Amino acid sequence: MLTRYGSLLFATGFAFLLFSLFIALPMGEPPTLAGQAILNEAANSVGAANIVTSVVLAYRGIDTLGELSILFAAATAVGLVLGGQARAPRPSKEDGAGGFILQTGVDLLFPLLLVVGFYIILHGHLTPGGGFQGGVVLAAALVLPVLARPEESPSPAALAWVEGLAGAAFIATGLAALAYDHAFLTPLLGAGQLGDLFSAGTLPLLYLAVGLKVGAELAKLLLRLAEEGPAA
Amino acid sequence: MIALTVALPLLAAFLLPLLPALARQFLGPLVLLAVAAFGLCLAGNALDAPSVVAIGDFRPPLGIVFYADGVAGLFVFAIAVVTLLLWPCATPNGQPDPQITRKHSLTLLMAAASCALALSGDLFNIYVFYELAAVAGYGLAAGSRTPAAQVATFRFTLLGSLGSLLALIGITLIYFRAGSLNLAHLAELAPSTLHDPLGLAGFLLILLGFGVKSELFLVNSWAPEVYATAESRVSALLAGLISKLALLAVVRLLVLVFPVPEASQLLLVLGMLGILTGELAAYRARDFRRLLAWSSIGQLGAAFVAFAIPGPAGLMAGIAVALHHLMVKPALFLLAERWGGNLAQLAGAARNSPIAAALFVLFALSLIGVPPLPGFWAKYLLLSGLAGEPAGLWWLAGLVVLTTTVVEAVYLFRIIGTLYGHQQGSVMQSRTATTGSGIFALLLVGTALSAPLLAAPLQKMATQLADTDGYVAQVISATITAPQRSGTAP
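Rules behind the numbers
- Residues numbered from 1 in each chain as written.
- Chains lettered and ligands numbered in written order.
- Predicted model: local features only at pLDDT ≥ 70, side-chain atom pairs only at ≥ 80, totals over all residues.
- Heavy atoms only, no water.
- Patch = residues over 30% accessible without salt bridge, like charges linked within 9 Å, V, L, I, M, F, W, Y side chains within 5 Å.
- Areas by Shrake-Rupley, 256 points an atom, 1.4 Å probe, with all protein chains shown as cover.
- Salt bridge = Lys/Arg side-chain N within 4 Å of Asp/Glu carboxyl O.
- Helix = DSSP H or I, 4+ residues; strand = E, 2+ residues; numbered from the N terminus.
- Buried < 20%, exposed > 50% of the residue type's maximum accessible area, 1.4 Å probe, protein only.
- 1 Å grid on protein atoms, 1.4 Å probe; cavity = no way out; pocket = protein on both sides within 12 Å on 5 of 7 lines; lining within 4 Å.
- Points joined across faces, edges and corners; volume = space filled by probe spheres on them.
- Nonpolar A, V, L, I, M, F, W, Y, C, P; charged D, E, K, R; others polar.
- Pairing = 2+ DSSP bridges.

Moving on, we get to a nonpolar patch on the surface. Residues and elements named next belong to chain B. A surface patch of nonpolar side chains, amounting to about 540 Å² of accessible area, comprises Val269, Leu273, Leu276, Leu280, Leu393, Leu396 and Leu399. For the nonpolar patch, the elements supplying multiple residues, two or more each, are α11 (261-284) and α17 (393-419). Top contributing element to the nonpolar patch by residue count: α11, with four residues. Secondary-structure assignment places leucine 396 in helix α17. The class of leucine 396 is partly exposed, set by a relative accessible area of 41%.

This paragraph deals with the pattern of salt bridges. Pairing between side chains becomes possible if they bear opposite charge and their charged atoms approach one another. Scanning all chains against the criterion turns up 11 salt bridges over all chains. Among the salt bridges present, the one from arginine 252 of chain B reaches aspartate 69 of chain B, with a minimum N-O distance of 3.1 Å. With arginine 252 of chain B in helix α10 (residues 232-256) and aspartate 69 of chain B in the loop between β2 (64-68) and α3 (70-85), this residue pair connects regions lying 183 residues apart in the sequence. Taken together, the salt bridges that share partners define one network made up of Arg60 and Asp63 of chain A together with Asp122 of chain B.

All names here are of chain B. By the definition in use, this model includes five cavities of 30 Å³ or more. In this structure, the largest cavity spans a volume of roughly 130 Å³. Along the wall of the largest cavity there are 17 residues; nearest its centre are Gln299, Ala302, Lys379, Val401 and Glu408. Of all the elements in the fold, those that place two or more residues in the lining of the largest cavity are α11, α12 (288-308), α13 (312-339), α15 (354-368), α16 (374-387) and α17. Among the residues forming the lining of the largest cavity, the class breakdown is seven nonpolar, seven polar and three charged.

This brings us to the pairing of strand β1 (residues 51-55) of chain B. Residues and elements named next belong to chain B. The buried fraction of β1 amounts to four of the five residues, a majority that puts the element mostly inside the structure. Where β1 lies against β2, five bridges are found, and the strand directions are antiparallel. For alanine 54, the partnering residue across the bridge sits in β2 and is valine 65.

The following block contains the structure:
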């Protein structure tokens with residue numbers, strides 16, 4: 001009982017703290033010095049029509065590398081916690097299979113999802129979207145068939161290869177800049193024509209690596225959780 | 001070279017699960033050796049002048065910079081060496097561990113994140129890599145797979161997430177007020193925009209957030225539970241290494257952006273409470289690893305107190321306390337790996353393992369602060385720094401440090417008494433070798449012998465760390481290797 005009141009007191013105090021901070025904030029335009037400077041020069045110096053992408057992959061590329069690593073660390077940690085427990089036997093064809101509607105729907109959706117996923121990834125430097133968003137769509141494309149035909153799940157080993165090589169490709173692209181006497185993660189290949197599919201230098205390649213890594217990682221994570229489900 | 005200290009361990013961590021078994025064993029240690037060499041180079045170069053690299057070749061307030069001064073170089077070196085000494089054992093209890101590759105990957109991720117924390121000059125970048133170190137830490141802490149460890153890790157994760165949330169709110173507040181995330185740029189903007197209650201609230205939130213990992217008073221309740229249940233090597237990594245890096249990030253913020261008395265006093269009071277609670281709880285502890293955890297909270301409190309002292313003297317004391325703790329605590333956790341947790345079972349253990357007992361005595365004496373050992377110099381610097389400040393809270397802190405030293409001596413000597421006692425406890429025969437803690441002991445003795453030689457470089461590093469103007473000038477004038485890219489086709 002006491003802990004419950006304690007939690008309530010804590011939550012109220014925390015809410016009050018945030019509220020008073022919010023009240024104290026001055027109204028009007030906050031001085032976004034860095035943000036405004038990037039808005040002014042990003043289109044010219046990076047060449048990505050989507051300014052968010054030039055921040056995510058060029059100006060703050062190493063943050064994105066960090067985010068990728070966090071996702072990788074989380075997936076690895078889940079593997080560490082769950083792995084090695086008694087696995088449920090792989091479902092046989094009879095008990096796991098979805099009905100006709102599910103199977104046909106999945107057959108129709110699978111190619112569509114793949115196309116949409118890759119489209120979002122490859123146009124990340126032009127339109128809203130990019131590697132993270134497209135990667136999630138790819139993961140959905142990979143997991144959906146498992147619902148319809150559990151016996152045909154993609155092999156975890158193949159996903160691990162895609163995941164590892166995509167992550168390595170991101171870092172390798174960054175390291176390639178060192179060979180040209182630039183700093184780590186400098187965009188190469190020139191900025192190109194603003195708005196073209198082939199523009200913004202290596203940024204689309206980086207986003208492709210991000211998308212493949214996120215897709216493979218999430219798919220692997222979901223498949224692992226699905227595998228653990230019946231056992232628990 | 002600066003960015004490689006982060007990029008190489010990350011690359012190795014990504015590729016580790018794909019490699020053949022033989023290459024898996026050697027890749028991690030090799031990468032760590034390379035990082036150690038880089039760290040030494042960086043520290044050596046920084047004694048002349050700190051080096052700066054603008055990641056992605058974007059001019060500093062816009063892009064992210066890595067700034068390698070002496071302290072950062074030294075910490076990169078220490079990260080690599082300590083991680084190497086605490087490298088997860090492939091055959092614990094004689095059986096191969098099926099999860100070892102995942103543990104190695106997480107350890108490498110943690111090392112990379114730690115290097116980035118030491119080097120980064122951007123507030124949000126620090127947050128990202130703090131988060132990476134945190135997530136890798138949760139994974140490793142749960143890695144012993146006992147129910148107790150999983151419960152402890154779950155609480156750790158909740159508290160850690162709350163801390164990350166607080167830090168993020170703090171960073172948002174600072175960006176909202178000042179409009180930049182680059183530490184050098186913030187240092188210039190701070191006097192006009194951040195030295196008011198709102199800015200200080202931002203600092204407090206970041207302090208509490210990063211304080212979760214650096215075992216700050218109020219947000220350290222996870223530590224005893226996690227350290228007692230996780231594998232000893234993981235406890236050693238978290239207590240020895242990650243806590244210091246989170247602390248270093250807070251110190252950079254304190255020195256560069258918030259050099260105001262209110263911020264220092266905050267550190268002083270929280271640090272003092274940390275020393276008091278930590279040492280008193282350690283006195284009551286009946287479990288070896290819990291005792292180490294509480295004593296670690298006390299030591300980190302002392303480091304917070306030291307860093308609160310304004311000027312190079314305080315920074316030097318803080319670096320000394322942190323480095324000393326970095327050498328001693330992992331070694332003690334390695335001994336705990338050998339002896340297990342229960343203190344009562346340690347009776348007469350000196351007869352079974354005389355070397356381990358002797359090593360324990362050495363580390364205990366250094367923790368207490370017996371003269372020729374480095375612990376004495378750390379406490380001496382801390383106390384003389386505190387004595388140099390005006391009376392009041394500072395002297396009270398000095399009194400707290402002196403009093404708790406007595407408490408520390410009592411509980412450590414109690415263990416030494418048990419170890420060398422006549423009763424025969426039921427301690428099991430040694431499970432692991434003492435090589436790891438032996439190397440730490442050699443480092444400790446080496447430091448003790450070369451203390452006069454180390455004073456000058458340490459002084460230099462502290463001066464560099466305190467030199468806000470130098471930091472700003474170095475970062476703002478960072479050389480961009482590429483000419484500004486234009487919008488034309490290649």
